[in-house]
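Chain and residue survey
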Amino acid sequence: MSDLSTESELFVATARAFLDKTATLSGQRELHAQGRSYDPGWWQQAAELGWAGLLVPEELGGGSVSDSGLHDLTAIAEALGRTVAPGPLYPVSTVLAGLVDADNRADHAATIAALVTGEQVATWAADEPGRAFRPHQPSVTATATGTGYRLNGVKDRVEAGAQADVILAGARTGDGALRQFLIRTDAPGVTVRPQACIDLVKQYARIELDDVDVDAAAVVGSAAQTAQLIDRQTQVAIALTCAETVGILDAVLAMTLEWTRNRYSFGRPLASYQALKHRLADMTMWLHAGRAVTAGAVDKVAARIPEAAMWVSAAKSYLSEHAGPLVQECVQLHGGIGVTWEHDLHVYLRRITLYAGLFGTSAEHHQAIVRAARTTEPAA
């Protein structure tokens, strides 16, 4: 997103070459036809390239090529957007963001190692049915037992829920404390129900917890720090989706510019018409503004400053408002072919539409910005 070091540029170039070879748009269509989200072998290769361990310290088996794993990770996310690639990068990275910051991360060292190597897949179960994105206010309950906790409730719209080995889920204990738990998806009482999704390869699931017993070691972090862990997970998740959105917009706009230059009407290329020039200029401005606000948000989240939440809300609200119209404009500029199944534009539009309401809508993030501004003292 921002300026990368030489090492990071090489890392991202390697990732793009890997995606160009193994995650083409035709490949996504094949996965969709097979009813699959991604190839586990493909994800193992991606993990071997270091993607899964970018937020993980070296002593736990991870590491990044720069001093900031989040910057490298969002650069990978932007590259993913260019080919609308599959895979559980976001759910795995979001879970790891919480695990590595937890006070008891040593208790989860084996899980962290398995996620970094791609041997296991994890996902963050933050949403619940019939409600907006409020990960700090779960309705799932965690009742203390002699050896741990018994969980009851439902999580909804869980990415890669049917493919994950473990889920990270928030719940309220009997004393009202907010806690997070690592739960195996094959544990007794866990029911995973796949859900329909507008995206070709992104898959989501409803996860029902019915008297699921976990031991005390399943708890992630102390009660005092759980809210901070969820803040961090939310910021990382939003930063990644915004970075991918920028990659999508870049690819779609480049595709449209090439089309308007090569497509002729009345002996002139479409790009030569003044009205279309204005539309293309507006879209280019939206792309640059989206990239800038996302880069700013990534910088703030990486630095862990208190205002990071407001910055990710600014990026998410801006892109939620402008990304959909930008891709729709590109569809219109392609004419009739832009709305056909055979053309690749709809593949990008599907993911943009999915991301518009993911981790909060534009209106919800506008409200978050207002609340944050009211509690922030003006600069002297």
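Residues numbered from 1 in each chain as written. Predicted model: local features only at pLDDT ≥ 70, side-chain atom pairs only at ≥ 80, totals over all residues. Heavy atoms only, no water.

1. Quick notes on the packing of helix α9 (residues 308-333) against helix α10 (residues 345-356)
α10 packs onto α9 with a crossing angle of 160 degrees between their chain directions and a minimal axis gap of 9 Å. By the angle class used here, α9 and α10 are roughly antiparallel. Crossing angle aside, the handedness with which α9 passes α10 is left-handed. Taken together, the residues of α10 that come into contact with α9 (itself represented by Lys316, Ser320, Ala323, Gly324, Val327, Gln328, Cys330 and Val331) are Leu345, Leu349, Ile352, Tyr355 and Ala356. Looking at side-chain class alone, the contact of α9 with α10 contains nine nonpolar, three polar and one charged residues. (Axes fitted to C-alpha atoms, helices over the stretch in contact; angles between N-to-C directions. Helix = DSSP H or I, 4+ residues; strand = E, 2+ residues; numbered from the N terminus. Parallel < 35°, antiparallel > 145°, perpendicular 65-115°, else oblique. Left-handed = near helix turned anticlockwise from the far one by under 90°. Contact = heavy atoms within 4.5 Å. Nonpolar A, V, L, I, M, F, W, Y, C, P; charged D, E, K, R; others polar.)

2. Let's talk about the packing of aromatic side chains
Tallying each qualifying case throughout the model produces six aromatic pairs. For the ring pair Trp124 and Phe133, a centre distance of 6.2 Å and an interplane angle of 90 degrees mean the geometry is edge-to-face. We classify Trp124 as buried; its relative accessible area is 9%. Residue classification places Phe133 among the buried positions, given a relative accessible area of 15%. Aromatic pair Tyr149 and Phe181: ring centres 5.1 Å apart, planes at 65 degrees, arrangement edge-to-face. With a gap of 32 residues between them, Tyr149 in strand β3 (residues 148-159) and Phe181 in strand β5 (residues 178-184) connect regions that are remote in the sequence. Grouped by ring-pair contacts, the aromatic residues Phe18, Trp42 and Trp51 constitute a single cluster. (Phe/Tyr/Trp six-rings, centres within 6.5 Å; stacked < 30°, edge-to-face > 60°. Buried < 20%, exposed > 50% of the residue type's maximum accessible area, 1.4 Å probe, protein only.)

3. Some thoughts on the domain arrangement of the protein chain
One can read the domain layout of the protein chain as domain 1 (2-117), domain 2 (122-222) and domain 3 (226-376). Measuring from the centre of the C-alpha atoms in domain 1 to the corresponding centre in domain 2 gives 23 Å. On the side of domain 2, 18 residues touch domain 1, which itself brings 24 residues to the contact. Contact between domain 1 and domain 2 buries roughly 1700 Å² in total, counting both sides, with carbon and sulfur atoms accounting for 66%. On the domain 1 side of the interface with domain 2, the three residues burying the most area are Ser37, Pro91 and Val95, jointly 26% of the side's total. (Domains from an automatic or database assignment. Buried area = accessible area lost by both parts, 1.4 Å probe.)

4. Regarding the pairing of β5
Along β5, six of the seven residues are buried, which leaves the element largely enclosed by surrounding structure. As paired strands, strand β4 (residues 166-173) and β5 are joined by seven bridges and run antiparallel to one another. Bridging across to β5, Leu168 finds its partner in Leu182. In textbook terms, the turn of a hairpin is the stretch between consecutive antiparallel strands, and for β4 and β5 this stretch comprises four residues, one of which, Gly176, has a positive phi near 85 degrees. Across two bridges, β5 lies against strand β8 (residues 219-220) in antiparallel orientation. Each residue of the ladder has a partner; that of Gln180, found in β8, is Val220. (Pairing = 2+ DSSP bridges.)

5. What about the pairing of strand β2 (residues 141-144)?
On any regular strand, side chains alternate: one points to one face of the sheet, the next to the other face. Across four bridges, the pairing between β2 and β3 is antiparallel. From the neighbouring strand, Ala142 faces β3, where its bridge partner is Leu151. The turn joining β2 and β3, which pair antiparallel and follow one another in sequence, is formed by three residues. As judged from the two bridges shared by β2 and β4, these two strands associate in the parallel manner. Each bridged residue has a counterpart across the sheet, and for Thr141 the counterpart in β4 is Arg172.

6. A short note on the side chain of Arg232
Mapped onto the elements, Arg232 comes out in helix α7 (residues 226-262). With sequence-adjacent residues up to four places away left out, Arg232 is seen in contact with Ala97, Asp101, Val301 and Arg304.

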